[in-house]
Amino acid sequence: MKSKRFLTLLALATLSASAAPRWARGDGQRLQLAQMQRNEVAKEAIPPGASARSQDASASEDGKTISGGANKARLTGVRFLSSKTYTRVMMDLTQEARFETHRLKEDPAKGLPPRIYIDIIGARLAIDSKEAIPVQDGLLRQVRVGQFSLDVVRVVLDMTSLRSHNTFFLPDPYRLVIDIQGQETADRSAAVERNKTPTPPVIKGPKPAALGIRKIVLDPGHGGKDPGAIGAGGIAEKDIVLSVAQKLARKLAKEMGIEVVLTRKNDSFVRLEDRTAIANAEDADLFLSLHMNASTSGDAKGLETYYLDNTSDEASIRLAARENGTSRKNISDLQFILSDMTQNMKLEDSISLAHRLHGSLVDSMSKKLGAVKDLGVKKALFYVLVGARMPSVLVEMFFITNKIEGQAMSRETYQNAIVEALYDGIQKYGESALAAKTL
Ligand SMILES: [Zn+2]
């Protein structure tokens, strides 16, 4: 039961300032994730208004070509994660394929909602398509999948509103990802008010409103079957980053009153694209992915902080390939694919956040450890940051493969020190962002 496992996993993946599990079904439900596998799918392959784009003047399209193989790609699953104003739909494919995205305006006369459909060309459906998958989360009404023609699989998304969309492809395994932004349905501050925890947290430092940071999604890298890098004595990156993320979450909630959501709060596997989707669906103000570096050289050491952008730096490309679980070549291909779309929606803010965090880490850890090697703020193409709608960074907190750094990071005192440093960096970023707004 893959879908059940996945739901459970995400149900566990939230740590909030309040103890209430906000992923639970019921009126408190804000995010919904589902997965279509075999035996689940769509009623009609072709939506009435979407049979051909030439028949609808309102249709707009975009498409990307990725060289196809000799054999047909098969669509093996459709997953989605959505909130009231955002949805990410992920289509699992057995190999690369060409695709086109078409957008159809609402047609009240025909009773048709705004729709987006994605044609995957040279593809076969490998899941049953009998019934539409109802979602009804406020933005995404339902998902329909069908074999449109011998050669084309069509995925139709019936929406309630449609503001913007962005489609991209990630390899290893191949998945086509579409991010859709709907119209804002309600005043955000009103929504925040409604979701407020009944017992106010103890706030020692500045209030979140004073920093303009209401909610942060923390992403402890790897987990479950993916241990990340392994260090001396068998310590795993996934365990250290989880521990640091949990400590940081508690501190941010307790001392700044910030709502914190973890992409995983135990040793479970979460796909990279789902982590970003959680940050977007949660409408977080910041997204921080926490990792530890690795090298074949035991001498490699230091701190480096990344934001999302194309790079020609070989070491950064290799690091991104490792963190993405893919090859160096695939990173190059993705750089090409992303080059004509918004790569980092909050580039300036992400750079600023990266510098504040990194500066705080280097300063603070140097005081505690003595000389810390400053590897700098860098850019690279990390899948986990692609499509993030808020300032987002990935921190490489020392080298797990360095005996001194790896052992230090597995100790409680050292983890607490790095949590302090990250906390200060977030606070400094919040203050600087706020100051910039008043200029
Ligand atoms: Zn990592």
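Here the structure is shown first, and the text comes after it.
Quick caveat, the model's predicted, so the values are computed rather than measured. (Residues numbered from 1 in each chain as written. Predicted model: local features only at pLDDT ≥ 70, side-chain atom pairs only at ≥ 80, totals over all residues. Heavy atoms only, no water.)

A.B. asks: How should I be thinking about the environment of glutamate 100 in this particular structure?
C.D. replies: Looking at where glutamate 100 falls in the secondary structure, it is placed in strand β5 (residues 98-104). On the basis of relative accessibility, which here comes to 17%, the residue glutamate 100 falls in the buried class. Through-space distance from the C-alpha of glutamate 100 to that of isoleucine 118 is 5.7 Å; in sequence the pair is 18 residues apart. (Helix = DSSP H or I, 4+ residues; strand = E, 2+ residues; numbered from the N terminus. Buried < 20%, exposed > 50% of the residue type's maximum accessible area, 1.4 Å probe, protein only.)

A.B. asks: Just to check I follow, could you spell out the pairing of strand β13 (residues 215-220) for this structure?
C.D. replies: Regular strands have side chains that alternate between both faces of the sheet. For β13, a buried count of six out of six residues is recorded, marking the element as mostly surrounded by other parts of the structure. With burial as the criterion, each face of β13 is covered, one bearing Lys215, Val217 and Asp219 and the other bearing Ile216, Leu218 and Pro220. Inspection of the sheet shows β13 paired to strand β14 (residues 259-262) by four bridges, in the parallel sense. Its bridge partner lying in β14, leucine 218 is registered against leucine 262. (Pairing = 2+ DSSP bridges.)

A.B. asks: Mind showing me how you'd approach the packing of aromatic side chains here?
C.D. replies: The description of two aromatic rings rests on the distance between their centres and on the angle between their planes. Summed over the entire model, instances satisfying the criterion amount to three aromatic pairs. The ring centre of phenylalanine 269 lies 4.4 Å from the NZ or CZ of lysine 225, which sits over that ring. (Phe/Tyr/Trp six-rings, centres within 6.5 Å; stacked < 30°, edge-to-face > 60°. Lys NZ or Arg CZ within 6 Å of the ring centre and 35° of its normal.)

A.B. asks: Help me out: how do you make sense of the sheet that holds strand β16 (residues 303-308) in this one?
C.D. replies: Paired through their backbone hydrogen bonds, the strands of a sheet run either parallel or antiparallel. Across the sheet, six strands lie side by side as β14-β13-β15-β18-β16-β17; this open sheet has mixed pairing. Pairing within the sheet leaves two strands with one partner each, and these edge strands are β14 and β17 (374-380). With strand direction ignored, the average angle separating the axes of adjacent strands in the sheet is 20 degrees. Two elements, strand β15 (residues 286-293) and strand β18 (residues 392-399), share six bridges in a ladder whose sense is parallel. Across the sheet, residue phenylalanine 287 finds its bridge partner in β18, namely serine 392. Packed onto the sheet, helix α8 (residues 347-369) meets β15, β16, β17 and β18 and runs at close to 170 degrees relative to β16. (Axes fitted to C-alpha atoms, helices over the stretch in contact; angles between N-to-C directions. Contact = heavy atoms within 4.5 Å.)

A.B. asks: Is there a simple way to think about a positive patch on the surface in this case?
C.D. replies: A contiguous patch of positive charge, built from Arg356, Lys367, Lys368 and Lys428, is present on the exposed surface. At three residues, the largest contribution of residues to the positive patch is made by α8. Along the chain, arginine 356 falls in helix α8. (Patch = residues over 30% accessible without salt bridge, like charges linked within 9 Å, V, L, I, M, F, W, Y side chains within 5 Å. Areas by Shrake-Rupley, 256 points an atom, 1.4 Å probe, with all protein chains shown as cover. Salt bridge = Lys/Arg side-chain N within 4 Å of Asp/Glu carboxyl O. Lys, Arg positive; Asp, Glu negative; His and termini not counted. Charge placed at Lys NZ, Arg CZ, Asp CG, Glu CD.)

A.B. asks: When you look at the coordination of the zinc ion in this model, what are you seeing that I'm missing?
C.D. replies: Where a metal carries four tetrahedral donors, each ideal angle is 109.5 degrees; where it carries six octahedral donors, the ideal angles are 90 or 180 degrees. Looking at the metal site, the zinc ion is ligated by His222 (NE2), Glu237 (OE), His291 (ND1), Glu323 (OE) and Glu323 (OE), spaced 2.0 to 2.5 Å from it. Binding-site remark: the zinc ion is held by donors from one chain whose sequence spacing is H-x14-E-x53-H-x31-E. One end of the pair, glutamate 237, is in helix α4 (residues 237-256); the other, glutamate 323, is in helix α6 (residues 314-324), with 86 residues separating them in the sequence. Here glutamate 237 matches glutamate 323 in class, with each residue buried. (Donors = N, O, S within 2.8 Å, 3.2 Å for Na, K, Ca; no water.)

A.B. asks: Would you explain the packing of α8 against helix α10 (residues 412-437) in this entry?
C.D. replies: For the pair α8 and α10, the least separation of the axes is 8 Å and the interaxial angle reads 140 degrees. As for how α8 packs across α10, the hand of that crossing is right-handed. In contact with Asp349, Ser352, Leu353, Arg356, Leu357, Ser360, Leu361, Ser364, Met365, Lys368 and Leu369 of α8, α10 contributes Tyr414, Ala417, Ile418, Ala421, Leu422, Asp424, Gly425, Ile426, Lys428, Tyr429 and Ser432. Grouping the amino acids of the contact of α8 with α10 by side-chain chemistry returns 12 nonpolar, five polar and five charged. (Left-handed = near helix turned anticlockwise from the far one by under 90°. Nonpolar A, V, L, I, M, F, W, Y, C, P; charged D, E, K, R; others polar.)

A.B. asks: Looking at this structure, I do not really get helix α5 (residues 272-281). What am I missing?
C.D. replies: Within an α-helix, residues lying three or four positions from one another point in the same direction, as the helix has 3.6 residues per turn. Burial analysis of α5 places 10 of its 10 residues in the buried class, the great majority of the element. Every buried residue belonging to α5 is among Leu272, Glu273, Asp274, Arg275, Thr276, Ala277, Ile278, Ala279, Asn280 and Ala281, and all of these are buried. Positive phi shows up at aspartate 283, right after α5, with a value of about 55 degrees.

It is worth stressing that arrangement in space is one thing and function is another; only the former is reported here.
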